[in-house]
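# Chain and residue survey
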Amino acid sequence: MTTVQRTDTDADPDDRTAAIVAEAHDWFEANWSEDLALGDWWDRIGRSGWGFPGWPERWFGKGLPSGVARAVTAERLRMGVFGPVSSISTFLAAPTILTHGTDEQKERFLPGIATGRDVWCQLFSEPGAGSDMASLQTRAVRDGDEWVVTGQKVWNSGAQYARYGILIARTDPDVPKHKGITYFLIDLEQPGVDVRPLREMTGEAAFNEVFLSEARVPDANRLGGLGEGWRVAMTTLANERDPGNPGVATGGGSVIGRPDLRMTVAEYRRQQARSADAMSLAIGGGIAEVLDRLADDFGRRDDPLMRQRRAAIASSRLTQRWTTQRAKANAKSGQPPGPEVSTLKLGGSALGRSVRDAGLAIMGPQGMLFGADAPEGGLFHKYALFVQAGSIAGGSDEVMRNILGERALGLPKEPDDSRDRPFRELRVGTQR
């Protein structure tokens, strides 16, 4: 791993940032080629530290402050250099392992994450434990040096491709629900793990349900202390909602599936462009360009009513950008996540619905078509059907409003005695 040459600590911060960006530029210039195999490039940039410059130097990063790390990423984008892998592995699993993992766990799991070799998924939500995730019923029972896990998880993005999962399970039903949960890193390539894709109305299957039938996890794969799973899971969820998460690699391989690492980077880029799915449009923001093309194709760019709607969308995008900047500034100053994280999530789901409605209005009767018969090959229609997920995934709109009401506005919480009663005594705890 290369090491950033630090400049004099008395030097101007802008000068230090410029020196680090220049070093990154030289590395990209010397190592980048579209003709490299995808796996070779991800291995090269992942091990260099320049792929995730905000991660610790010992663990595939450069240990850079968020502002300097963003400057490095901006330089990479300016140079047209393809980024490292960006997935649940890098923006959920890695930050949680970096925060709570032992050195031995980091040595085992982080190389495969940083180099794009191992795909991970998240195993948190259950059919009866979504918004109230602490009511989960998947249980883990100790058996010597292992844990035997039985239960069902749902809404697991990319689980059909994943080798590992970040899992929370109940290890003690005789304590209150938040205290009897433990966090595990589970190998999904074993008997007792049944992954079943969930077909969405888009025709795609980004989500899954996962059935665990006496699957086994070594105690060495327990992340954090016994019964501390809720605290560890809050680290995962904080990163899920963090717009400044250093594991989100802009301009790189946003991965839901398991790509062929033998193809060249150029081939992979072309494949990404051809096979953009509804989830990647919703997450990556490419839908704005599709909406602009529709306005041109249907002669609605200068329509006064449509201009008003598109202006409102543009204003919402700016508001989201400023809210993101405020959240990043707070994080940079060491402040804990505030209400801006919840307002950002709510604003994003509302913006998605506004884009959906505007696009369908532009197309008029053709908005009822689907697939190859629809404008843009049905790409916008897939987005329009998928965008509702934004109101649920990563914390539902209702949960975000509860957070704002209770933590920002000081409204009283709903009466709830379940926090202090053993899980076994709760109605949900008896359904096992």
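Residues numbered from 1 in each chain as written. Predicted model: local features only at pLDDT ≥ 70, side-chain atom pairs only at ≥ 80, totals over all residues. Heavy atoms only, no water.

### A look at the overall build of the chain
A tally of regular secondary structure across the chain gives 13 helices and ten strands. In the chain, which comprises 432 residues, the share counted as buried stands at 47%. As displayed, the chain has an accessible area near 20,700 Å², and 51% of this comes from carbon and sulfur atoms. (Helix = DSSP H or I, 4+ residues; strand = E, 2+ residues; numbered from the N terminus. Buried < 20%, exposed > 50% of the residue type's maximum accessible area, 1.4 Å probe, protein only. Areas by Shrake-Rupley, 256 points an atom, 1.4 Å probe, with all protein chains shown as cover.)

### Here we look at helix α4 (residues 88-100)
When the terminal C-alpha atoms of α4 are compared, their 17 Å separation across 13 residues agrees well with the 18 Å that a helix rising 1.5 Å per residue should span. If you look at α4, its biggest bend is around 30 degrees, right at A94, and the proline P95 turns up within four residues after that. With eleven of 13 residues buried, α4 lies mostly within the body of the structure. Among the residues of α4, I88, S89, T90, L92, A93, A94, P95, T96, I97, L98 and H100 are the ones counted as buried. (Expected span 1.5 Å × (residues − 1). Bend = angle between axes of the 7 residues up to and from the residue.)

### Description of unusual backbone geometry
Peptide bonds are mostly trans, and most non-glycine residues show a negative phi. Unusually for a residue other than glycine, F60 sits at a positive phi of about 65 degrees. Structurally, F60 is set in the loop between α2 (38-48) and α3 (66-78). Relative accessible area serves as the criterion here: at 7%, F60 is assigned to the buried category. One non-glycine residue, W155, lies in positive phi territory at about 60 degrees.

### Here's the deal with the nonpolar core
One finds W120 and Y183 to be the most contacted residues of the largest nonpolar core, which totals 30 residues. If you list the elements that add at least two residues to this core, you get α4, α5 (103-114), β5 (164-170), β6 (181-187) and α6 (229-240). The dominant element in this core, judged by the number of residues it contributes, is α4, at six residues. Those residues within four positions of W120 in sequence are excluded, and the remaining contacts are I88, S89, A93, I97, F109, I113, A162, Y164, G165, I166 and L185. Within the second largest apolar cluster, 22 residues are counted, among which are I20, V21, V72 and F82. (Core = buried A, V, L, I, M, F, W, Y, C linked by side-chain atoms within 4.5 Å. Contact = heavy atoms within 4.5 Å.)

### Comments concerning the side chain of T202
Locating T202 in the fold gives a position in the loop between β7 (193-198) and β8 (207-218). Here E204 takes part through its backbone nitrogen, which lies 3.2 Å from a polar atom of the side chain of T202. (Polar contact = N/O pair within 3.5 Å; in protein donor to acceptor, adjacent residues only side chain to side chain.)

### Points about the confidence of the model for the chain
Per-residue confidence for the chain gives a mean pLDDT of 87, with 89% of residues at or over 70. When the criterion is pLDDT under 50, residues 5-9 qualifies, and its contacts beyond four places in sequence or with other chains add up to ten contacts. (pLDDT = per-residue confidence, 0-100.)

### Thoughts on helix α11 (residues 339-363)
Because an α-helix packs 3.6 residues into every turn, residues spaced three or four apart end up facing the same way. In a regular helix each residue adds 1.5 Å, so 25 residues correspond to 36 Å; α11 covers 37 Å between its end C-alpha atoms and thus fits that length. Where α11 ends, the next residue or the one after it, G364, has phi of about 60 degrees, a positive value.

### Some remarks on the packing of helix α1 (residues 13-31) against α3
Put simply, α1 and α3 touch, their axes get as near as 9 Å, and they point 40 degrees apart. As for how α1 packs across α3, the hand of that crossing is right-handed. Between α1 and α3, the contacting residues are T17, I20, V21, A24, H25 and F28 on the first element and V68, A71, V72, E75, R76 and R78 on the second. Among the residues forming the contact of α1 with α3, the class breakdown is seven nonpolar, two polar and three charged. (Axes fitted to C-alpha atoms, helices over the stretch in contact; angles between N-to-C directions. Left-handed = near helix turned anticlockwise from the far one by under 90°. Nonpolar A, V, L, I, M, F, W, Y, C, P; charged D, E, K, R; others polar.)

### Here's the deal with the packing of aromatic side chains
Applying the stated criterion to the full structure yields 14 aromatic pairs. Joined through ring pairs, the aromatic side chains of W27, F28, W32 and W41 make up one cluster. Directly above the aromatic system of F423 lies the positively charged group of R170, at a separation of 3.6 Å from the ring centroid. Across the ring face of F211, the terminal group of R196 is positioned such that the distance to the ring centre comes to 4.2 Å. (Phe/Tyr/Trp six-rings, centres within 6.5 Å; stacked < 30°, edge-to-face > 60°. Lys NZ or Arg CZ within 6 Å of the ring centre and 35° of its normal.)

### Observations concerning the pattern of salt bridges
The tally for this structure, following the rule as stated, stands at 25 salt bridges. With its nearest N and O atoms 3.7 Å apart, the salt bridge here joins D219 to R142. Note that D219 is positioned in the loop between β8 and β9 (222-223) and R142 in strand β3 (residues 139-143), a separation of 77 residues in sequence. By relative accessible area, which is 16% here, D219 ends up buried. (Salt bridge = Lys/Arg side-chain N within 4 Å of Asp/Glu carboxyl O.)

### What to know about the environment of G359
Along the polypeptide, G359 turns up in helix α11. Assessed through its relative accessible area of 0%, G359 is described here as buried. Sequence separation between G359 and I287 is 72 residues; the distance between their C-alpha atoms is 9.8 Å. In contact with G359, other than residues within four places in its own chain, are L291 and F380.

### A word on the packing of helix α9 (residues 287-297) against α11
For any two helices packed against each other, one specifies the inter-axial angle together with the distance between the axes. Orientation of α9 relative to α11, taken along the N-to-C sense of each, is 25 degrees, at an axis distance of 9 Å. One way to sum up the angle between α9 and α11 is to call them roughly parallel. Like other packed secondary-structure pairs, α9 and α11 cross with a definite hand, here left-handed. For the pair formed by α9 and α11, the contact residues are I287, L291, L294 and A295 on the first element and V355, A358, G359, I362 and M363 on the second. A class-by-class count of the residues in the contact of α9 with α11 yields eight nonpolar, one polar and no charged. (Parallel < 35°, antiparallel > 145°, perpendicular 65-115°, else oblique.)

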